[in-house]
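The residues making up each chain are set out below.
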Amino acid sequence: MSWNDFVYQITHPFQSLYRYWLYRRTIRTASPHIVKQLSQRWEASHPHTVETMTEEEKDIVAAIQQKTKELNRNNVTRTRAYLAFFQRCPEVHWAFLAHIVSRNGGWNMTDLKGDLIPNLIPPKQIEPLFLFLERANALIFHDAYPQLLLYEESKRRKKPLFHLLPCFFVSSFMKPFWDYFFEARHSALLTVALIINEQQYIQQRVVEDEFFQKHVLSTLPFLVQQWLGMNDVLIPYKTTKQVRLAGITIRDFADVHHRIHIGKTLYGMLFYKPWLIKRAYRFAVHCEHTGSRADFWPHAFSSTNTRHISTIYSPQLEDAWPDIVHHFPDRRDWFEDVTIVKAIKNIPFVIDGDMTTTYSHHLVELQAAAAMKKLKNDE
């Protein structure tokens, strides 16, 4: 047994308690004065509509809608779009966080056509799981990317254009944050607001959707996927010798507050550890996203189905799934309860978010489970 295996076996029973202690350490993102300002802006911004627009404003809205539609083609185009935007506007931290999370979404999608997951769940469950991941990924982009482009246009014109947010059916929750960000460049506060907004946005439209409740969230495959570590949200970062992993494991995807906590924790890891954001950005720029896990660990995964015993097949997205045409008829505003403002006040600060060893063990467990299931099916 290696030293890493020994440490893992000894410490594993105490990891939950240790993580709970870490999560209690927080970084303040909003003072009571800022919260009061935002509350006043929410009151002043109702009704959240645009009654008249100039021809110039109509052109801005149309251009943003067209660009969003073009880039919302699949997980790869979305993931690359987030990174490209962050490179243009690095003060919008959420864009890089979204890039990293979207990479994970792509890996989870292609896992469904790789070597392992298809051996664990019935074929009829594969497509609903993909549609669940794809729909959430597409909805977040559909809602968030117009906000990013509207900010970029505001920055270019040197005047706020956030009165146009209702044209994209963005929640009334977001306008005060964008207005405040344009004035104060409070990156952390905007990031937390976007994390809250996007998770609330998909809660009604995906997590609570009747089809996904029946075919995904209530099924054994979804629970198995979480139990076996396939909901590890990984932050690959490039060292001089190898790509290592930071991150965290989602244990209850159906709970919107848990997902918000995970998002804030990932943000705390990325942007409050200067060495990590530098190395994660280096990885993102130099390792183009294809959807295959070979993007970050080519020693463990292969994007070509050569069936080498030493690697796990992890296809590229374009080889695994066709593009899906999405429609977005649901224009409800999720923001009704102002008590959600409590979630903007702080983010967790995690001292140790290393996932390299943990993910390696999750991978071994998954391989063992897949091998056992395949052996049983062959009998």
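No experiment lies behind these values; they were computed from the predicted model shown.

Caption draft 1: Quick look at the overall build of the protein chain. When its secondary structure is counted, the protein chain shows 15 helices and 6 strands. Nonlocal contacts in the protein chain, meaning residues at least 24 apart in sequence, comprise 76% of its contacts between residues at least 6 apart.

Caption draft 2: The arrangement of the nonpolar core in detail. Trp94, Phe96, Phe173, Phe177, Trp178, Phe296 and Ile344 are the most contacted members of the largest nonpolar core, which totals 120 residues. Sorting elements by how many residues they give to this core places helix H7 (residues 123–157) first, with 14 residues. Those residues in contact with Phe173 that lie beyond four places of it in its chain are Trp42, Ala193, Ile196, Asn197, Trp334, Phe335, Ile340 and Ile344.

Caption draft 3: A look at the packing of aromatic side chains. Applying the stated rule across the entire model yields 28 aromatic pairs. A centroid spacing of 6.3 Å and a plane angle of 75 degrees characterise the contact between Phe86 and Phe271, whose relative ring orientation is edge-to-face. Here Phe271 lies in helix H12 (residues 256–271) and Phe86 lies in helix H5 (residues 75–88), a separation of 185 residues in the sequence. A single burial state applies to Phe86 and to Phe271, both of which are buried. Seen from their ring centres, Trp107 and Phe296 are 4.6 Å apart, and the 55 degrees between their planes marks the pair as tilted. Highlighted residues: Trp107 in helix H6 (residues 93–111) and Phe296 in the loop between helix H13 (274–286) and strand E4 (301–302), separated in sequence by 189 residues. By relative accessible area, which is 0% here, Trp107 ends up buried. Among the aromatic residues, those joined into a ring-pair cluster are Phe86, Phe96, Tyr267, Phe271, Tyr272 and Tyr281.

Caption draft 4: Structural context of empty space enclosed by the protein. With the rule as written, the count across this model stands at 4 cavities of 30 Å³ or more. Computed from the structure, the largest cavity encloses a volume of approximately 650 Å³. Lining the largest cavity we find 32 residues, and of these Val101, Ile140, Gln199, Ile250 and Phe253 sit closest to its centre. At 8 residues, H6 tops the list of elements feeding residues into the lining of the largest cavity. The class makeup of the residues in the lining of the largest cavity is 20 nonpolar, 9 polar and 3 charged.

Caption draft 5: Summary view of the pattern of salt bridges. Following the criterion strictly, the structure yields 14 salt bridges and no others. Ionic pairing is found between Asp323 and Arg73, a salt bridge with its closest N-O pair at 2.9 Å. Here Asp323 is found in the loop between helix H14 (317–320) and strand E6 (346–348), whereas its partner Arg73 is found in the loop between helix H4 (55–71) and H5, with 250 residues between them in sequence. What makes Arg73 partly exposed here is its relative accessible area of 43%. Salt bridges sharing common partners tie together Glu56, Glu153, Arg156 and Arg157.

Caption draft 6: Quick look at the pairing of strand E3 (residues 243–249). E3 sits mainly inside the fold: 6 of its 7 residues count as buried. With 7 bridges connecting them, strand E2 (residues 232–238) and E3 associate as antiparallel partners. Looking across to E3, one finds that Lys238 is bridged to Val243.

Caption draft 7: Fine view of the layout of surface pockets. Here the largest pocket defines a volume of roughly 560 Å³. Along the wall of the largest pocket there are 21 residues; nearest its centre are Lys69, Asn72, His142, His326 and Phe328. Mapped onto the lining of the largest pocket, the elements with two or more residues apiece are H4 and H7. With 4 residues, the top contributor of residues to the lining of the largest pocket is H4. Of the residues belonging to the lining of the largest pocket, the class tally is 9 nonpolar, 6 polar and 6 charged.

Caption draft 8: Local environment of the side chain of Ser102. With respect to the helices and strands, the residue Ser102 is situated in helix H6. What makes Ser102 buried here is its relative accessible area of 3%. A polar atom in the side chain of Ser102 sits 2.7 Å from the side chain of Thr79. Residues within four places of Ser102 in sequence aside, it is in contact with Asn75, Arg78, Thr79, Tyr82, Asn137 and His289.

Caption draft 9: Broad picture of the pairing of E2. Across the 7 residues that make up E2, a large majority, 6, are buried. What sits between E2 and E3 in their antiparallel hairpin is a turn of 4 residues.

Parameters and conventions
Residues numbered from 1 in each chain as written. Predicted model: local features only at pLDDT ≥ 70, side-chain atom pairs only at ≥ 80, totals over all residues. Heavy atoms only, no water. Helix = DSSP H or I, 4+ residues; strand = E, 2+ residues; numbered from the N terminus. Contact = heavy atoms within 4.5 Å. Core = buried A, V, L, I, M, F, W, Y, C linked by side-chain atoms within 4.5 Å. Buried < 20%, exposed > 50% of the residue type's maximum accessible area, 1.4 Å probe, protein only. Phe/Tyr/Trp six-rings, centres within 6.5 Å; stacked < 30°, edge-to-face > 60°. 1 Å grid on protein atoms, 1.4 Å probe; cavity = no way out; pocket = protein on both sides within 12 Å on 5 of 7 lines; lining within 4 Å. Points joined across faces, edges and corners; volume = space filled by probe spheres on them. Nonpolar A, V, L, I, M, F, W, Y, C, P; charged D, E, K, R; others polar. Salt bridge = Lys/Arg side-chain N within 4 Å of Asp/Glu carboxyl O. Pairing = 2+ DSSP bridges. Polar contact = N/O pair within 3.5 Å; in protein donor to acceptor, adjacent residues only side chain to side chain.

Purely geometric numbers; function is a separate question.
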